[in-house]
There are 2 protein chains.
Amino acid sequence: MTKTPKYIYFFGGGITEGSAEMRNLLGGKGANLAEMASLNISVPPGFTITTEACSAYFDGGKKIPSSLWDDVLSNLKTLETTMGKELGGAADPLLVSVRSGAPASMPGMMDTVLNLGLNDKTAQGLALKTENEWFAYDCYRRFIAMFGNVVQGIAGEQFEKIIHRVKTKRNIEHDTDLSTKDLQTIIGQFKKVVKKNTGKEFPNDPLDQLRQTISAVFNSWHTPRAKTYRKLNNIPSEWGTGVNVQSMVYGNMGDSSATGVAFTRNPSTGEKKFFGEYMVNAQGEDVVAGIRTPHPISQLEQDMPASYKMLTEVCQTLEKHYHDMQDIEFTIQDNQLYLLQTRSGKRTATAAIKIAVDMVNEGLISKGQAVSRVPANQVDQIFHPTINPKAKVKVLGQGLGASPGAAVGKVVFTPEHAMAMAQEKERAILVRMETSPEDIHGMSVAQAILTAKGGMTSHAAVVARAMGKPCVSGLGDLTVDLKKKKAVLNGVTLKEGDSITLDGTSGEVFKGQVDLMQPRLTGSFTQLMSWVGKMRKLKVRANADTPHDALVAREFGAEGIGLCRTEHMFFEEDRILWVRKMILAESEKDRDVALKKLEPIQRRDFTEIFRAMEGLPVTIRLLDPPLHEFVPHVPAEVRVLAKAMKISPAKLTKKIDAMMELNPMLGLRGCRLGIVHPSIYQMQVQAIMEAACKLAKKKVRVLPEIMIPLVSTVSEFRLMRQHIDEVARSVIEKNGVKLTYKVGTMIELPRAALTADKIAEEADFFSFGTNDLTQTTFGLSRDDAGSFLPNYIEQEVLPQDPFVSVDQEGVGSLITMAIEKGRGVNEKLSLGICGEHGGDPASIQFFHKAGLDYVSCSPYRVPTALLACAQANI
Amino acid sequence: MTKTPKYIYFFGGGITEGSAEMRNLLGGKGANLAEMASLNISVPPGFTITTEACSAYFDGGKKIPSSLWDDVLSNLKTLETTMGKELGGAADPLLVSVRSGAPASMPGMMDTVLNLGLNDKTAQGLALKTENEWFAYDCYRRFIAMFGNVVQGIAGEQFEKIIHRVKTKRNIEHDTDLSTKDLQTIIGQFKKVVKKNTGKEFPNDPLDQLRQTISAVFNSWHTPRAKTYRKLNNIPSEWGTGVNVQSMVYGNMGDSSATGVAFTRNPSTGEKKFFGEYMVNAQGEDVVAGIRTPHPISQLEQDMPASYKMLTEVCQTLEKHYHDMQDIEFTIQDNQLYLLQTRSGKRTATAAIKIAVDMVNEGLISKGQAVSRVPANQVDQIFHPTINPKAKVKVLGQGLGASPGAAVGKVVFTPEHAMAMAQEKERAILVRMETSPEDIHGMSVAQAILTAKGGMTSHAAVVARAMGKPCVSGLGDLTVDLKKKKAVLNGVTLKEGDSITLDGTSGEVFKGQVDLMQPRLTGSFTQLMSWVGKMRKLKVRANADTPHDALVAREFGAEGIGLCRTEHMFFEEDRILWVRKMILAESEKDRDVALKKLEPIQRRDFTEIFRAMEGLPVTIRLLDPPLHEFVPHVPAEVRVLAKAMKISPAKLTKKIDAMMELNPMLGLRGCRLGIVHPSIYQMQVQAIMEAACKLAKKKVRVLPEIMIPLVSTVSEFRLMRQHIDEVARSVIEKNGVKLTYKVGTMIELPRAALTADKIAEEADFFSFGTNDLTQTTFGLSRDDAGSFLPNYIEQEVLPQDPFVSVDQEGVGSLITMAIEKGRGVNEKLSLGICGEHGGDPASIQFFHKAGLDYVSCSPYRVPTALLACAQANI
């Protein structure tokens, strides 16, 4: 006989069995309830069903194992003894809440049932015992609706409609204005809804209620919205959820009762100030659902000073205990404070940075902990734009500034529409009465979110902050008519497609497209980054193609340029005609004429970039893309060029057509251009070296690194390096300066990685081009993968988009191989990476382990990369 | 002091220093001259300058090292003593020939100078000594022209024009009809040509002549045509050439003298019969250049019976000594036979097979030697078509059947035009007065070659046989007017683009396109292949898509089908509409309707293929190419389909456009189709298994292997295999038969090779798709590489086209890795290759070493592959 595992852990009442360390087994909520109970914080007693029980439930084909049910009954007995009440007891009934709690926080994703244990008999008992009939029936109607919705799958609207009808009829505004009789009417109608939808009466037996609810919480682990959230947040689906069965405390027992949520510090700015909101005479779901707009927590100090004091003391205890900012749920039942949840609070990147730095200064955490705690992926949030103060604006309204940053976009009313706009690369702002987990897909592609209802902790606000996008919530003056596809805000009608601007910091909404301004950096950020500097092994360079980008990158802390794509300069107006003439030249002579025009232009670009990066290495990649990317395809442009080339448009068109390729990604590009048309690379090297020599003469320190793209064999590299060295040496000699330069290559084809030992014998550096390397290793075009990659992620064939986070198993093994082979023959070989993965923290972790010297990413990702490099090294 | 290497080896006159083994040092010609001298075969004495001397010459910047020249002088002294004549001697001058001789045979590629040592004084001396003034001046005019052409770079035409003018003036046809006075006139004019072209007098000093000629022979190693030949034949350019300086013997001393070339057996058919041609009163270059049409060797028996007897005896000696068919050059000087060269004779594949088998039967060589000796790459020549005897033909003329096989094509007159036609995928027949090495490129792309001049050993004939393409030479009735772009053959005018047919076996030329017939196999071939069968480790399968191909492949000895591309059946008329409806279906329901129509059609195909391959494995690849390859793009076809689909052409066009991809090679294809549209693969597996079960019920042994294309991760394979197994099991169960099947994958992406251990845990077999693997490993599209690959080969960046012969260093290392990883986890894993490389002997050598189980190639390459597999194993 196998020993039955311990499926249940009790907490509270002096017999707590779990602790915060047991998060994987108890889920985050259960583990922290146990921990708080051990800290003597006032927590309503209860018990936690483990995630192992959840797995056993699914392994057994969605059946509650009999040993589990036995344990539920015995723990229930303990709870009844502790509370001195009985579930289903007619006189003083025990009511319980049943809440999910997974090892990773999944806000709003899992389902909760409150007030379980009520039926006609116990409701009456509760009314008698509390001498508060209204309260008892308020609990009862809430229970039927929640059970009906969460456990029995009946649409919430069916219940809301009934309340709305009664309120309209009685001409009252708030739920709290309903009379006991109203509540009883509502209860009766609710039961009919249940009967109509399920074909059965509402279950009266509290044990039956409990059993069904536990199953429902387990089942909710596999709802589509939970799956989506897990996918978005990389949470393994094997984990399962815990279930917390806890004795009820009541925030809806009248004006001495309340319920609320709070953060120990401001989750938006990081300010060390107690932050949150509460509602008098309400139960928890009223706050989170954003049905009524709650009061700010500061008001509690006046409303219930004793409770407020207790609350702030609990917050201090929790922060000192957990060494982190906490997100708590609390209930005040008749002036008595209970904590229902504590967890590490989600925060904006700005807040994460400020809190981490402040806590170091407060002696709560170490610098290393501070650096580890800022989510590198979100750091670029702090560079969100703001409204230009000089911009002329027309304010349409003001709500709560729920997630910082300003955004411009076109109004859409549905998540589907937001997704369609994203497909078209259009910027959308999602405007809703309120949001729900079903909207997550749409929210993730929208520029910003605007809701009429809900507070700072409403679904829209929490999710927007996590996603790092601006949100204005609780804009009461806004009405949205989904059917007519229009919204009205203070008398102004907003139609689908109208442009608006919003400021998620101030909560303001503006008409049209308002000019935005780039953000400046805070002191905390500078402080944090100064620590980061000393904690890294990997250096961080930037991918910068223009002098402007180079300056921005350097300001953000870039330690050089890892990729300067010379062709990005080719499209500028003063040169595209010559670029085209060069490409389509009728003879080598004509080509040379065009190249002679381009050389001084390129030289000027390089001079400015070198100057901006004085003292730091600048890696310049020679021309890489297929030449046909530069030639005109529109008849009008063809005519202009034909005239300039003095040939007929028909002839030119024929030339252009002849350049087209079936698979340009695998065609005449990269060093193949240098081999077939050597004069192009010669011009570029000439321009680079002339620029470098000119500055060297002025005592400016320049460190040029010339990079050859798309090398597949050492013979390509050898031939190209020979050409480069010839030009470089002759320019240096002509200028009579001392100047060193490097010549290296991209490693972006499998063959280059496989033969890296050969190439490393001739090269000064490797830079992994992980975009192309991913494309060829998978045989997958980034441009075409859109038609099937989402399906791949959906079916879990791929864990994630390999263009976002590097595929360590396949592409990574080629990188590791190339590093070993390269370093094996050339100790001095410098190694970097310049694909999009250079700014992805998960990939940086891998590059750190693989032993690269640097990563290179876009200028705005530099701080992210710096942070991720330090985190990888801690 | 470093010891000076021995740069010269003497031969003949009883003091021979070299031997046949020293081919690398002495070149083939020099080594065999030494060997013949040792065998007491009558060879004019001389000496060979080594290939090391050639390297020293180039290393020293094209200067003859002084030690080399000292050796030349001392060996010349020995030669003078041996011959009793002096170079430059006025009374009885020694004349020498100077010939190149590389380690590998390079026919017609290198230059030769005959009669060196002549000047006004020695010519007179020669005339007096031989009492044959005509002969002496014939030699002299030849010498000036050859020296002028080969050493001084004067166009041969300038000399030929002079002779032509004199002949026309004197109204004579042949060079032999020229009078001594004519020859003297010619010599005078030749000298003027030299003076005019070089600005100097023709060099009188024989040592100066010799020195210049040795340099010229060395230099000819780097002429463009020599480079081209080396590239075509994979001869390393480091080798260098030897130089043979040999005392002259004269075939132009009158009617008792002759010169000729011969093969010990028929190089075209392999028949054991002395074969060749000769010219009376001529020197060697007259025969090879094809200026006059020579006599067949059989006629020599009547003309000079003693010489003929000696010649046949020498041939027997040589064959017994070399154990191979020989290609000899000989000269008869005044009834005295001299051998000037012997080498292994080039031969057609048919001849190679017959000679090898005959020599085994004659006890000359072993079976293993016989198998090794047939060039695997050329075996498919024996499957060349022949003229259908039932065809109605109009014979235009008949020349020599110089290279076997019949061909149909359009007349072109220049190699450039032949290449242009090849670009357009048009079949061309190159029609020339004669060919020269400059024409090789054009010849290699033409279907066949037709020349007016030249014999069986003319340039056209030799090259055509080596290339395995039909050739008719010596068609005297043909005249070609290059300027007017027309030819006249027996009064019929052939314009550019006119279709003709020729038979390279009979020498006939026909008007228009004549019906051709597929060849049958000879007894020798069957004999050889029976030996091959026992000498292999690798099995050979065929890539066959239709029942017809399967039957052909099996007849050729295929041991299964390694690749059946199901989509090749999709274009047939009875199904393409349904294929298109399936692809462009408006709904899953519509798609299912189309799939239901296609399933029985595919089932019938598979049934026939399985039946054709009874008892042998048949690997069927599920749908692979991008779906847009199947949809219509021509408006008329779009309208037809739109009507069938009951939607507007505009809507259909939009759907079709939406399917287009930027890089279809890296897009939605292979198993990605199976993942996105599972019903397509389900239909195919259904069809395969229904066909297999149906036959299994009839006791036909079927071995189906289902292959999943373009797998990059094991999760793709796992998901697809799950779908396949479900369908397969249900079909087998429904039919109630016992049937085993395999499920495996292509390894054609680097990622699949890198993670082969993971995939091998789930797969029954791997089949390397080396076409795609080469594309992705190099990042090189086969369709687009044409714009730069020739340049790469030209600049020696790549040694050869990696799509023809597998890149062992890069692609090969992935293959080796995948084999190791795959076998490491799955001992039973079956391993094959089904890319184009499966029929390439050099690649097969690699696959054998790598340890594959089989190769698969096109049906007509099966014998080649069988042979190459045996050769790899010997």
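Residues numbered from 1 in each chain as written. Chains lettered and ligands numbered in written order. Predicted model: local features only at pLDDT ≥ 70, side-chain atom pairs only at ≥ 80, totals over all residues. Heavy atoms only, no water.

So, the overall build of chain A
Stated formally: Helix and strand assignments come from DSSP, with helices taken as H or I runs of at least 4 residues and strands as E runs of at least 2, each series counted from the N terminus. With the radius of gyration taken over C-alpha atoms, the globule rule is written as 2.2 Å times the number of residues to the power 0.38. For every residue, the accessible area obtained with a 1.4 Å probe (protein chains only) is divided by the maximum for its type, and the residue is called buried under 20%, exposed over 50%, and partly exposed between those limits. Method for areas: the Shrake-Rupley scheme with a 1.4 Å probe, in which residue coverage is limited to the protein chains shown. When charges are counted, Lys and Arg contribute as positive and Asp and Glu as negative, whereas His and the chain ends are disregarded. Where a charge lies is defined by one atom per residue type: Lys uses NZ, Arg uses CZ, Asp uses CG and Glu uses CD.
Helix and strand content of chain A: 33 helices and 33 strands. Taking 874 residues into account, the globule formula puts the C-alpha radius of gyration at 29 Å, and chain A, at 32 Å, falls close to it. Dimensions along the principal axes, computed over C-alpha positions, put chain A at roughly 100 × 65 × 50 Å. Burial status across chain A gives 60% buried among its 874 residues. Looking at chain A as shown, the accessible area adds up to about 35,400 Å², and 50% of this sits on carbon and sulfur atoms. One finds the centroid of the 103 positive side-chain charges in chain A at a distance of 4 Å from the centroid of its 99 negative side-chain charges.

Side note on the pairing of strand β17 (residues 428-432) of chain B
All names here are of chain B. Note the cut-off: Pairing between two strands requires that DSSP report at least two bridges joining them. Look down the strands so they point away from you; if going from the first strand over the helix to the second traces a clockwise path, that crossover is right-handed.
Most of β17 is tucked away: five of the five residues are buried. Going residue by residue along β17, you find Ala428, Leu430 and Arg432 tucked away on one face and Ile429 and Val431 tucked away on the opposite face as well. Where strand β16 (residues 406-412) lies against β17, three bridges are found, and the strand directions are parallel. The partner of Val411 across the bridge, within β17, is Ile429. Once you follow β16 into helix α15 (residues 415-423) and on to β17, the crossover reads as right-handed.

Things to note about the relation of the copies chain A and chain B
Let me state the cut-off plainly: The fit set for superposing copies consists of C-alpha atoms from residues with pLDDT of at least 70 in both; the fit itself is least squares. Residues are treated as being in contact if the distance between any of their heavy atoms lies within 4.5 Å.
Overlaying chain A with chain B gives an RMSD of 0.2 Å, the required rotation being 180° about an axis along which the chain moves by 0.0 Å. Within this description, the copies of the chain are treated as partners about a two-fold rotation axis. Taken together, the interface assignments show that 100% of the residues at the interface of chain A recur at the interface of chain B, consistent with an identical surface on both copies.

What to know about the sheet that holds strand β21 (residues 486-489) of chain A
Residue and element names in this part refer to chain A. Counted only if it meets this: Note on geometry: axes are lines fitted to C-alpha atoms, helical ones only across the stretch in contact, with angles between N-to-C directions running from 0 to 180 degrees.
In spatial order, the strands read β20-β21-β22; together these three strands make up an open sheet with antiparallel pairing. Strands with a single pairing partner mark the edges of an open sheet, and in this sheet they are β20 (478-481) and β22 (492-495). When strand polarity is set aside, the average angle formed by the axes of neighbouring strands in this sheet is 20°.

So, a positive patch on the surface
Threshold: Patch membership needs two things, relative accessible area over 30% and no salt bridge, and members are linked within 9 Å if like-charged or within 5 Å if nonpolar (Val, Leu, Ile, Met, Phe, Trp, Tyr). The term salt bridge refers to a side-chain nitrogen of Lys or Arg lying within 4 Å of a carboxyl oxygen of Asp or Glu.
A surface patch of like charges, here positive, comprises Arg604, Arg611, Lys694 and Lys698 of chain A. For Lys698 of chain A, the position within the fold is in the loop between α25 (678-697) and β29 (703-708).

Looking at the sheet that holds β17 of chain B
Residues and elements named next belong to chain B. Here eight strands make up an open sheet; going across it, the order is β14-β24-β23-β16-β17-β18-β19-β15 and the pairing mixed. Edge positions in the sheet fall to β14 (395-398) and β15 (400-403), since each has one partner strand and no second. When the angles between neighbouring strand axes are averaged without regard to direction, this sheet yields 30°. Of the pairings in the sheet, the one linking β17 to strand β18 (residues 448-451) comprises four bridges and is parallel in character. By the bridge assignment for β18, Arg432 is matched with Thr451.

Topic: the packing of aromatic side chains
Two aromatic rings, taken as a pair, are described by how far apart their centres are and by the angle between their planes. Spelled out, the test is: Aromatic pairs are defined between Phe, Tyr and Trp rings, using the six-membered ring for Trp, whenever the two ring centres lie within 6.5 Å; interplanar angles under 30 degrees are classed as stacked, those over 60 as edge-to-face, and all others as tilted. Charge over a ring is defined by NZ of Lys or CZ of Arg lying within 6 Å of the ring centre and within 35 degrees of the ring normal.
Taken as a whole, this structure holds 24 aromatic pairs over all chains when the rule is applied. On the basis of an interplanar angle of 50° and a centroid distance of 5.9 Å, the ring pair of Phe274 of chain B and Tyr308 of chain B is categorised as tilted. Highlighted residues: Phe274 of chain B in the loop between β8 (258-263) and β9 (275-280) and Tyr308 of chain B in helix α12 (residues 305-322), separated in sequence by 34 residues. We note that Phe274 of chain B, like Tyr308 of chain B, is buried. These aromatic residues form a ring-pair network of at least three members: Tyr57, Phe58 and Phe218 of chain A. Here Arg541 of chain B stacks its cationic end above the ring of Tyr854 of chain B, 3.8 Å away from the centre of that ring.

A word on the confidence of the model for chain A
Counted only if it meets this: The score called pLDDT rates the predictor's confidence residue by residue, from a low of 0 to a high of 100.
Of all residues in chain A, 97% attain a pLDDT of 70 or more, and the chain-wide mean is 91. This prediction of the complex comes with two scores: 0.79 for pTM and 0.78 for ipTM.

Digging into the side chain of His677 of chain A
All names here are of chain A. Selection criterion: In protein, a polar contact requires one atom able to donate a hydrogen and another able to accept it; more generally it is a pair of N or O atoms within 3.5 Å, and residues adjacent in sequence count only if both atoms are side-chain atoms.
Considering the arrangement of structural elements, one finds His677 in the loop between α24 (671-676) and α25. Take His677: its relative accessible area is 17%, and that puts it in the buried class. A polar side-chain atom of His677 sits 3.4 Å from a polar atom in the side chain of Arg591. For His677, the contacting residues outside a window of four places in its chain are Arg591 and Leu627.

Topic: helix α1 (residues 23-38) of chain B
Residue and element names in this part refer to chain B. Put simply, the rule is: What a helix should span is 1.5 Å times the count of its residues minus one. At any given residue, the bend is defined as the angle formed between two axes, one fitted to the seven residues that end at that position and one fitted to the seven that begin there.
In this model α1 runs just 15 Å from its N-terminal to its C-terminal C-alpha over 16 residues, more than 12% under the 22 Å that 1.5 Å per residue would give. Remark: the principal bend of α1, roughly 80°, maps to Lys29. Of all 16 residues in α1, 13 are buried; the element is thus mostly enclosed.

Considerations on the packing of helix α19 (residues 547-555) of chain A against helix α21 (residues 588-612) of chain A
Residue and element names in this part refer to chain A. The following threshold applies: To sort the angles, those under 35 degrees are grouped as roughly parallel, those over 145 as roughly antiparallel, those from 65 to 115 as roughly perpendicular, and the leftovers as oblique. Three categories are distinguished: nonpolar for Ala, Val, Leu, Ile, Met, Phe, Trp, Tyr, Cys and Pro, charged for Asp, Glu, Lys and Arg, and polar for the others, with Gly belonging to the last.
Direction vectors running N to C along α19 and α21 enclose 10°, while the axes themselves pass 9 Å from each other. As summarised for this structure, α19 and α21 are arranged roughly parallel, according to the angle between their axes. Of α21, the residues touching α19 (which contributes Pro547, Ala550, Leu551 and Arg554) are Asp605, Glu608, Ile609 and Ala612. Tallied by class, residues from the contact of α19 with α21 come to five nonpolar, no polar and three charged.

Brief notes about empty space enclosed by the protein
Residues and elements named next belong to chain A. Filter applied, for reference: Here the term cavity refers to a set of points on a 1 Å grid, laid over the protein atoms alone, in which a 1.4 Å probe fits but cannot get out; the term pocket refers to an open set having protein on both sides within 12 Å along at least five of seven lines, with lining residues being those that place an atom within 4 Å of a point. Grid points are joined across faces, edges and corners, and a volume is the space filled by probe spheres set on the points.
Tallied over the full model, the rule gives five cavities of 30 Å³ or more. Along the walls of the largest cavity sit 15 residues, with Arg99, Met248, Val249, Thr331 and Leu340 positioned nearest its centre. Residue assignment for the lining of the largest cavity shows that the elements contributing at least two residues are β5 (96-101) and β7 (242-247). A per-class count over the lining of the largest cavity returns six nonpolar, eight polar and one charged. The calculated volume of the second largest cavity comes to roughly 70 Å³.

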